[in-house]
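Descriptive structure summary
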Amino acid sequence: MKTIALLFLSLFMAKGCSQDEKKDLANAEIIYTANTRGYYQKVTIHNQEITISKDRNEEGAGTTTKISEANWNELVLLFNKLDLEKLSSYEGPTQKRFYDGAAIANMKVSYKEKEYQTNDFDHGTPPLEIEYFVKKLLLLAIHE
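Residues numbered from 1 in each chain as written. Predicted model: local features only at pLDDT ≥ 70, side-chain atom pairs only at ≥ 80, totals over all residues. Heavy atoms only, no water.

Moving on to the environment of glutamine 41. You can see glutamine 41 is positioned in strand β2 (residues 40-46). On the basis of relative accessible area, glutamine 41 is assigned to the buried category, the value being 8%. Contacts of glutamine 41, omitting those with residues within four sequence positions, involve Tyr32, Thr33, Ala34, Ile52, Ser53, Lys54, His123, Leu138 and Ala141. Within the local environment of glutamine 41, its side chain forms a polar contact with the side chain of tyrosine 39, the two groups lying 3.0 Å apart. (Helix = DSSP H or I, 4+ residues; strand = E, 2+ residues; numbered from the N terminus. Buried < 20%, exposed > 50% of the residue type's maximum accessible area, 1.4 Å probe, protein only. Contact = heavy atoms within 4.5 Å. Polar contact = N/O pair within 3.5 Å; in protein donor to acceptor, adjacent residues only side chain to side chain.)

Here it is, written out as structure tokens:
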């Protein structure tokens, strides 16, 4: 009987702890920006919608599309793997942006009234710690 009680208590505690650690992407806003002198792309994700803007002079302009349920669920899983507190310490694996070999990219996350931002990195080659999330975001920008 004690074993069963201990088992239920362990499951209850584990489930409770895992729910506390999950971040709610629906309450976050992610802004990915890539630009050079002749190129600009801004991808914003908020409330299961993606907005893509290619004009740096028109705030609020762009094409907004609803993200499919399957893509949203995958994005939520990847978002939960991000360590927002460490976001600003990640370094990009390449330095092509220093000689115009790649657009300068960065990502900002607004979550629970706090702002998190990456250091600049090469567009298409994000820091390894956020690579899967950024690549999924860019894939959605192409296909959604």
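Moving on from the coordinates now.
What the rule picks out here adds up to 3 aromatic pairs. Measuring from ring centre to ring centre gives 6.2 Å for tyrosine 32 and phenylalanine 121, while their planes differ by 50°; the resulting arrangement is tilted. Residue tyrosine 32 is located in strand β1 (residues 28-35), and its partner phenylalanine 121 is located in strand β7 (residues 121-122); the two are separated by 89 residues in the primary sequence. What makes tyrosine 32 buried here is its relative accessible area of 0%. Relative to tyrosine 111, the ring of phenylalanine 79 has its centre 5.9 Å away and its plane inclined at 75°; by these criteria the two rings are edge-to-face. Taken as a pair, phenylalanine 79 in helix α2 (residues 69-80) and tyrosine 111 in strand β5 (residues 104-111) lie far apart in primary sequence, 32 residues in all. Judged on exposure class, the residue phenylalanine 79 and its partner tyrosine 111 are both buried. Through a chain of ring-to-ring contacts, the aromatic side chains of Phe79, Tyr111 and Phe133 assemble into a single cluster. One Lys or Arg, lysine 23, reaches over the ring of phenylalanine 79 and ends 5.8 Å from the middle of that ring. (Phe/Tyr/Trp six-rings, centres within 6.5 Å; stacked < 30°, edge-to-face > 60°. Lys NZ or Arg CZ within 6 Å of the ring centre and 35° of its normal.)

Ranked by size, the top nonpolar core spans 32 residues in total, and within it Ile30, Tyr32, Phe79, Met107, Val109 and Phe133 carry the most contacts. Counting only elements with at least two residues in this core, the list comes to β1, β2, β3 (49-53), α2, β5 and α3 (131-143). Per element, the largest residue contribution to this core is 6 residues, and it comes from α3. Non-local contacts of tyrosine 32, meaning those with residues more than four positions away in its chain, are made with Gln41, Lys42, Val43, Ala105, Asn106, Met107, Phe121, His123, Gly124, Val134, Leu137 and Leu138. (Core = buried A, V, L, I, M, F, W, Y, C linked by side-chain atoms within 4.5 Å.)

These figures capture arrangement, not role.
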